[in-house]
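# Structural overview
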Amino acid sequence: MNKINTAVFPVAGLGTRFLPATKANPKEMLPIVDKPLIQYAVEEAYEAGIRHMVFVTGRNKRSIEDHFDTAYELESELEANGKTAMLELVRSLAPADMDCTYVRQARALGLGHAVLCAEHLTNGEPFAVLLADDLMQGEAGGPNVLKQMVQAYERLGNSVIAVQEVPLDHVKRYGIVAGVADGERLLKVQHIVEKPSPEKAPSRLAVAGRYILSHAVFGHIRKQGKGAGGELQLTDGIAGLLADEAVHAYTYLGKRYDCGSKEGFLEATIELALQHPEVGESFRSYLKSLQL
Ligand code: G1P
């Protein structure tokens with residue numbers, strides 16, 4: 001079985017829900033406390049053993065490339081001033097054994113199309129997809145969500161997608177799966193549909209932004225037509241895969257923050273600030289002092 005070597009990060013979206021903050025800055029660079037969203041996702045992939053990061057970018061995304069590149073001037077300045085801890089922090093963003101590749105998605109044709117732009121960089125192997133909008137935290141002391149999925153993939157040998165249960169009135173925001181129980185926290189997927197109405201949803205199990213996908217998915221995306229919202233959907237590519245191969249849905253251990261929405265972004269900010277080693281304690285006292 002192939003090891004998972006490559007992670008694809010679709011980051012070409014316009015981020016209109018966060019205007020005006022995203023007028024000139026990519027939404028993936030918005031920070032939760034002191035780290036941009038994209039960094040949380042890249043660290044998750046790195047911790048899961050992945051070393052090749054592929055970013056599917058678009059216009060206005062240059063700062064993502066800079067973020068994972070060597071910052072020569074900053075580093076020599078910090079070095080000259082003896083700011084060793086900060087220097088190490090800056091250098092840790094681009095570990096020597098991590099490779100970053102950037103490919104442009106020239107037109108916003110959907111998530112399926114974005115992933116297809118990375119096909120030639122995935123070496124014919126299964127690969128991971130991480131949506132940085134979904135900030136995922138594993139359980140305290142346990143493996144992160146993608147690592148859990150890699151472990152499931154290593155047992156099963158086929159595609160694995162992360163799912164969580166959502167309220168019925170939220171199903172129209174997600175890819176929704178249904179299937180039969182097949183091991184702990186696992187379902188063998190029989191149906192998957194993008195953004196169904198509550199009446200048409202086959203379940204309340206929603207796809208979270210983490211996938212491990214067989215290379216065959218590309219063939220299906222290439223063949224399929226436009227799906228929900230007039231876009232080329234990754235979900236439809238996975239639906240195509242179901243005819244030929246097993247796909248498992250994995251109910252992850254941990255928590256997802258929907259940082260594509262203002263509420264989710266604020267929840268992540270508050271909860272991660274409370275966990276932060278530097279500011280957590282004083283921030284907790286501050287929150288307690290508020291007359292809410
Ligand atoms: C995308 C996927 C959807 C998935 C969701 C998770 O939707 O198309 O299937 O459930 O991410 O966040 P988007 O949030 O881009 O509309």
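Attention here is on the structure that accompanies the text. (Residues numbered from 1 in each chain as written. Predicted model: local features only at pLDDT ≥ 70, side-chain atom pairs only at ≥ 80, totals over all residues. Heavy atoms only, no water.)

### Let's talk about the overall build of the protein
Check the secondary structure of the protein and you find ten helices and 13 strands. The C-alpha radius of gyration computed for the protein amounts to 19 Å, which stays within 12% of the reference 19 Å derived for 292 residues, consistent with globular compactness. Looking at the protein as a whole, 47% of its 292 residues are labelled buried. Total accessible area on the protein stands at roughly 14900 Å², and carbon and sulfur atoms take up 51% of it. Side chains of the protein give 31 positive and 37 negative charges; the mean places of these two sets differ by 6 Å. (Helix = DSSP H or I, 4+ residues; strand = E, 2+ residues; numbered from the N terminus. Rg over C-alpha atoms; globule rule 2.2 N^0.38 Å. Buried < 20%, exposed > 50% of the residue type's maximum accessible area, 1.4 Å probe, protein only. Areas by Shrake-Rupley, 256 points an atom, 1.4 Å probe, with all protein chains shown as cover. Lys, Arg positive; Asp, Glu negative; His and termini not counted. Charge placed at Lys NZ, Arg CZ, Asp CG, Glu CD.)

### With respect to the environment of R210
Along the chain, R210 turns up in strand β11 (residues 205-213). Not counting chain neighbours up to four residues away, the residues in contact with R210 comprise A41, E44, V129, L130, L131, D134, M136, V145, L146, M149, I161 and A162. A polar atom in the side chain of R210 sits 2.8 Å from the backbone oxygen of D134. (Contact = heavy atoms within 4.5 Å. Polar contact = N/O pair within 3.5 Å; in protein donor to acceptor, adjacent residues only side chain to side chain.)

### Brief notes about the pairing of β11
Burial analysis of β11 places nine of its nine residues in the buried class, the great majority of the element. Sheet topology places strand β6 (residues 127-130) next to β11; four bridges connect them, and they run antiparallel. By the bridge assignment for β11, A128 is matched with I212. The sheet contact formed by strand β8 (residues 159-165) and β11 spans five bridges and is antiparallel. Residue I161 lies in a different strand from β11, and its bridge partner there is Y211. Both strand β9 (residues 175-181) and β11 contribute to a ladder of two bridges, which runs antiparallel. Bridge pairing in β11 places I176 opposite A206. (Pairing = 2+ DSSP bridges.)

### Some points on the layout of surface pockets
Here the largest pocket defines a volume of roughly 1400 Å³. If you trace the largest pocket, you find 46 residues lining it, with R17, K27, L131, D133 and K195 closest to the centre. Listing elements by their share of the lining of the largest pocket, those giving two or more residues are α5 (111-116), β8, β11, β13 (255-258) and α9 (262-275). No other element matches the four residues that β11 contributes to the lining of the largest pocket. Residues that form the lining of the largest pocket fall into these classes: 18 nonpolar, 14 polar and 14 charged. In this structure, the second largest pocket occupies an estimated 730 Å³ of space. Lining the second largest pocket are 30 residues, and of these D34, K35, Y40, E43 and L272 sit closest to its centre. Counting residues per element, the ones that place at least two in the lining of the second largest pocket are β3 (35-36), α1 (37-47), α4 (84-91), β7 (134-137) and α9. Residue contributions to the lining of the second largest pocket peak at five residues, all from α1. Considering only residue class, the lining of the second largest pocket consists of 13 nonpolar, ten polar and seven charged. (1 Å grid on protein atoms, 1.4 Å probe; cavity = no way out; pocket = protein on both sides within 12 Å on 5 of 7 lines; lining within 4 Å. Points joined across faces, edges and corners; volume = space filled by probe spheres on them. Nonpolar A, V, L, I, M, F, W, Y, C, P; charged D, E, K, R; others polar.)

### What about the packing of helix α3 (residues 72-80) against α4?
For the pair α3 and α4, interaxial distance at closest approach is 8 Å and the crossing angle is 160°. As far as their axial angle goes, α4 and α3 are roughly antiparallel. When the axes of α3 and α4 are compared, the crossing they make is left-handed. Across the interface between the two elements, L74, E75, L78 and E79 from α3 touch M86, L87, V90 and R91 from α4. Here the contact of α3 with α4 is composed, by residue class, of five nonpolar, no polar and three charged. (Axes fitted to C-alpha atoms, helices over the stretch in contact; angles between N-to-C directions. Parallel < 35°, antiparallel > 145°, perpendicular 65-115°, else oblique. Left-handed = near helix turned anticlockwise from the far one by under 90°.)

### Considerations on unusual backbone geometry
Note the cis peptide between L19 and P20, where omega equals 5°. Note that P20 resides in the loop between β1 (6-10) and β2 (31-32). Phi angles above zero are rare outside glycine, and V33 is one such case at about 65°. Even without being glycine, K195 reaches a positive phi, approximately 45°. Looking at the secondary structure, you find K195 in the loop between β10 (186-194) and β11. Overall, the relative accessible area of 41% leaves K195 in the partly exposed class.

### Observations regarding the packing of aromatic side chains
Applying the stated criterion across every chain, the model contains six aromatic pairs. Judged by centre distance (5.1 Å) and plane angle (20°), the ring pair of F9 and F55 falls under stacked. Remark: F55 occurs in strand β4 (residues 52-57) and F9 occurs in strand β1; sequence separation between them is 46 residues. Residues F9 and F55 agree in their burial class; the two are buried. Site record: aromatic cluster; members linked through ring pairs are F9, F55, F68 and Y102. Across from the ring centre of Y40, 4.9 Å away, lies the NZ or CZ of K35, which sits over that ring. Sitting over the face of the ring of Y46, R51 holds its NZ or CZ atom 3.6 Å from the ring centroid. (Phe/Tyr/Trp six-rings, centres within 6.5 Å; stacked < 30°, edge-to-face > 60°. Lys NZ or Arg CZ within 6 Å of the ring centre and 35° of its normal.)

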